Structures are given as structure tokens and as C-alpha cells.
Amino acid sequence: GYEKEETNITRYEAFRFWWQTKGFSTNKLNYVDLSEISQEVVVGANQKVLGVDNVSLHYKLSEYSQDNEIKKSDVLVNLDNGSGDVRALNLAANFATSAGFNVDKLQNHDQEVEKSYVVASNKDSHEVQYLARIFGCDIVGDPSVDSGTINLIIGADFANNYFEK
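Small disclaimer: the values here were computed from a predicted structure and weren't measured.

Right, let's talk about the packing of helix α4 (residues 87–98) against helix α5 (residues 126–135) for a bit. Two numbers describe how α4 lies on α5: the axes approach to 11 Å, and their chain directions differ by 130 degrees. On the basis of the axis angle, α4 is oblique to α5. Of the two elements, α4 crosses α5, and the hand of that crossing is right-handed. Between α4, through A92, F95 and A96, and α5, the contact on the second element is made entirely by L131, I134 and F135. Its residues assigned to classes, the contact of α4 with α5 shows six nonpolar, no polar and no charged.

In C-alpha cells:
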């Protein structure tokens, strides 16, 4: 029989992943072989498992998740974390870089923001629209923001989607 093993994936996360991917058709999926970048990792009780470090995984999968226009763009994204959870800043940076954005500045705030939003001079640019779609947030037009910069304010809504309090 099978033995129950501990994992860092909660049942809630596994269920959420299943819910988001249950409608995928296998003929529309890209299967990626990670065997060349996997390594043995020793976990408790001298058990070994195969694992992949985040940097290698990001590099391998980025070619499948990036928008070519975004990849060619020289727009810089600044992330301001007002979520109340410092872990949200790194996760948001991973989301943005995985999509092909160049993340420039990362900053945590003491003042909590309820809902995430994007601030940019051109609300209608492809990059601004794409970033807002990734984070499911509104766009605020601000002509004082440099045209080569997009500011993403990370709110508590983002952190609550990915982290338990």
C-alpha cells in the first residue's frame, strides 16, 4: 500500500490547482521534461525525493509562459507591497518575471492596501493591460508616471489568494 507522506502543498492548494486546471484538454498542454534539471533532495528520515530548484524551473518554463511582446519590451515594473504579507512581494515578482517583465524595484509598505492595482501613464498599452490581467486588478492612469515604467501596488487581495494567515 501507499504510505502517507508530508508535503509543503496544502490540500487547499492542491484543490485550487485541480480546480483551475480541470478543464484543460491534454491535446492543448505542453509537457516539459524536467529530468535534466532535477536533483535528489534528502528529506526527513533519510528519504530522498527528486526536486527542482526555483531558478532552474523558472528558466525552463519561462519560454512557455512569456508573451513575446512583453519579452521584447524595455518596460520596467516596480512592485510596491501593501498586502501586509512580506511573502507576497517575492511571489508577485516571480509572477511578473515569469510573464517576461523586467522587475526593477521591490518595496514593502507599512500601510495596507485592500485591492491590488496597476499605475501607468498609458492605461491602454499592451504591457499594462497584460500585467493587470495577470494580477486581476484595476488600472489607474497617472500621466506623472514615466512611460517606460509600470507600478504594481500589491494589495491584501493578492496575498489572501496565495497565503494563509
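Once that is clear, we can look at the nonpolar core. Counting residues in each nonpolar core, the largest one holds 27 residues, and the members touching the most others are L79, F101, V118, L131, I150, L152 and I154. Taken together, the elements giving at least two residues each to this core come down to β3 (76–81), α4, β5 (117–120), α5, β7 (149–154) and α6 (156–162). If one sorts the elements of this core by residue count, α4 sits on top with six residues. If we ignore the near neighbours within four places in the chain, the residues touching I150 are V75, L76, V77, N78, F101, V118, V119, E127, V128 and L131.

This part covers the pairing of strand β6 (residues 138–141). The pairing of β5 with β6 spans four bridges and is classified as parallel. What sits directly across from V118, in β6, is I139. Read from β5 through α5 to β6, the crossover connection turns out right-handed.

One pass over the full model with this rule turns up one salt bridge. The closest approach of N and O atoms between R87 and D85, which form a salt bridge, is 2.7 Å.

Calculation criteria
Each chain has its residues counted from 1, running along the sequence as written. Since the coordinates come from a predicted model, pLDDT governs what is reported: local features require at least 70, and pairs of side-chain atoms require 80 or more to be given and counted, while whole-chain, interface and lining totals use all residues. Water and hydrogen atoms play no part in the side-chain values, which are based on all heavy atoms of the structure. The axes used here are C-alpha line fits, helices contributing only the stretch in contact, and every angle between their N-to-C directions lies in the interval 0 to 180 degrees. We count a stretch as a helix when DSSP gives it H or I for four or more residues in a row; a strand needs E for two or more, and each element gets its number in order from the N terminus. Roughly parallel means an angle under 35 degrees; roughly antiparallel means over 145; roughly perpendicular covers 65 to 115; every other angle is labelled oblique. For any helix crossing, the convention is left-handed if the near helix is rotated counterclockwise from the far helix by under a right angle, and right-handed if that rotation is clockwise. Pairs of residues are marked as contacts when any of their non-hydrogen atoms sit within 4.5 Å. Classification used: nonpolar for Ala, Val, Leu, Ile, Met, Phe, Trp, Tyr, Cys and Pro, charged for Asp, Glu, Lys and Arg, polar for all others including Gly. Each nonpolar core is a collection of buried residues, namely Ala, Val, Leu, Ile, Met, Phe, Trp, Tyr and Cys, held together in the definition by side-chain atoms within 4.5 Å. A 1.4 Å probe rolled over the protein chains alone gives each residue an accessible area, and that area as a share of the maximum for its type sets the label: buried under 20%, exposed over 50%, partly exposed in between. Two strands form a pair only when DSSP identifies at least two bridges running between them. We call a crossover right-handed when, viewed with the strands running away from us, the connection from the first strand over the helix to the second turns clockwise. The term salt bridge refers to a side-chain nitrogen of Lys or Arg lying within 4 Å of a carboxyl oxygen of Asp or Glu.

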